[in-house]
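This is what each chain is made of:
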Amino acid sequence: MSLVRNSSRLLRSQLKRVQSVPVALYHENVVEHYENPRNVGSLDKKDATVGTGLVGAPACGDVMKLQIKVDENGKIVDAKFKTFGCGSAIASSSLATEWVKGKSIDEAGKLKNTDIAKELRLPPVKLHCSMLAEDAIKAALADYKVKQQKKQGN
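Residues numbered from 1 in each chain as written. Predicted model: local features only at pLDDT ≥ 70, side-chain atom pairs only at ≥ 80, totals over all residues. Heavy atoms only, no water.

Draft legend 1. Layout of the sheet that holds strand β2 (residues 62-70). As summarised here, the arrangement of the three strands in space is β1-β2-β3, forming an open sheet in which the pairing is antiparallel. In this open sheet, the two strands that pair with only one neighbour each are β1 (50-57) and β3 (76-84). Sheet twist, expressed as the average angle between the axes of neighbouring strands with direction ignored, equals 15 degrees. Across eight bridges, the pairing between β2 and β3 is antiparallel. Directly across from V70, in β3, lies its bridge partner I76. In the packing of helix α3 (residues 87-100) onto the sheet, the strands contacted are β2 and β3, and the crossing angle to β3 comes to about 175 degrees. Sheet strands in contact with helix α6 (residues 127-153) are β1, β2 and β3, and its direction is about 145 degrees off that of β1. (Pairing = 2+ DSSP bridges. Helix = DSSP H or I, 4+ residues; strand = E, 2+ residues; numbered from the N terminus. Axes fitted to C-alpha atoms, helices over the stretch in contact; angles between N-to-C directions. Contact = heavy atoms within 4.5 Å.)

Written out as structure tokens, the structure is:
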């Protein structure tokens, strides 16, 4: 009987300890993009109309690949991503691909991490995720532009 009583006491103390731990919750916008990510996948990186941006954050280990496909008029017609990271990094990637679709190269280049962070309601400790998404967009645009210059040089 003593064993049961001690076990019961131990269990109650563990429950109290768990309940007293502050819980960090993601905003519903982050959860939505994390649970239902848009545009996951890859495009053909050898395609001259595809720009690929691969960026990482050594401090937290997040890695983000974002690709854009651009039509002959300079409009982004498709975007894909693959991200290894936390929920905020995945949500930032997902939102970034949604936002660049339909934009011109110049318009996409003007997207800022602060806009992504504001839309997802990221807390300050997760702002680096939105910065990674902005960096991935810029890297994809730069890769696309290099491919276009090479194409014009041939």
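More follows now that the structure is in view.
Draft legend 2. Region of the structure containing α6. A rise of 1.5 Å per residue sets the reference length of α6, with its 27 residues, at 39 Å; its end C-alpha atoms lie 39 Å apart and thus fit the reference within 8%. Listed in full, the buried residues belonging to α6 are C129, S130, L132, A133, E134, A136, I137, A140, L141, Y144, K147 and Q148. On its buried face, α6 sits against β1, β2, β3, α3, α4 (105-109) and α5 (113-120). (Expected span 1.5 Å × (residues − 1). Buried < 20%, exposed > 50% of the residue type's maximum accessible area, 1.4 Å probe, protein only.)

Draft legend 3. Inspection of the packing of α5 against α6 at higher detail. Contact pair α5 / α6: the axes reach a minimum separation of 8 Å and the direction vectors enclose 130 degrees. As far as their axial angle goes, α6 and α5 are oblique. The crossing of α5 and α6 is right-handed. Of the residues in α6, those in contact with N113, I116 and A117 of α5 are L127, S130, M131, A133 and E134. Taken together, the residues of the contact of α5 with α6 break down into five nonpolar, two polar and one charged. (Parallel < 35°, antiparallel > 145°, perpendicular 65-115°, else oblique. Left-handed = near helix turned anticlockwise from the far one by under 90°. Nonpolar A, V, L, I, M, F, W, Y, C, P; charged D, E, K, R; others polar.)

Draft legend 4. The pattern of salt bridges, seen in detail. Overall, the coordinates contain seven salt bridges when judged by the stated rule. Two residues, K147 and D143, come together in a salt bridge whose shortest N-O distance is 3.8 Å. Of this pair, K147 and D143 both sit in helix α6, separated by four residues, roughly a single helical turn. Note on K147: relative accessible area 17%, which makes it buried. One connected set of salt bridges, linked through shared partners, spans E32, R38 and E98. (Salt bridge = Lys/Arg side-chain N within 4 Å of Asp/Glu carboxyl O.)

Draft legend 5. Here's a closer look at the confidence of the model for the protein chain. Taken as a whole, the protein chain shows an average pLDDT of 86; of its residues, 84% reach a score of 70 or greater. Below pLDDT 50 for its whole length, residues 15-23 participates in zero contacts with residues either more than four positions away or in separate chains. (pLDDT = per-residue confidence, 0-100.)

Draft legend 6. Representation of unusual backbone geometry in the model. In this structure, N39 takes a positive phi of about 65 degrees despite not being glycine. Within the fold, N39 resides in the loop between α2 (28-35) and β1. The residue R121 is not glycine, and still its phi comes out positive at about 60 degrees.

Draft legend 7. Fine view of the packing of α3 against α6. Where α3 contacts α6, the axes come no closer than 8 Å and their chain directions differ by 40 degrees. Compared by their axis directions, α3 and α6 come out oblique. You can see that α3 and α6 cross each other, and the crossing is right-handed. Contacts between α3 and α6 involve S88, A89, S92, A96 and V100 from the first element and C129, S130, A133 and I137 from the second. Among the residues making up the contact of α3 with α6, the classes are represented as six nonpolar, three polar and no charged.

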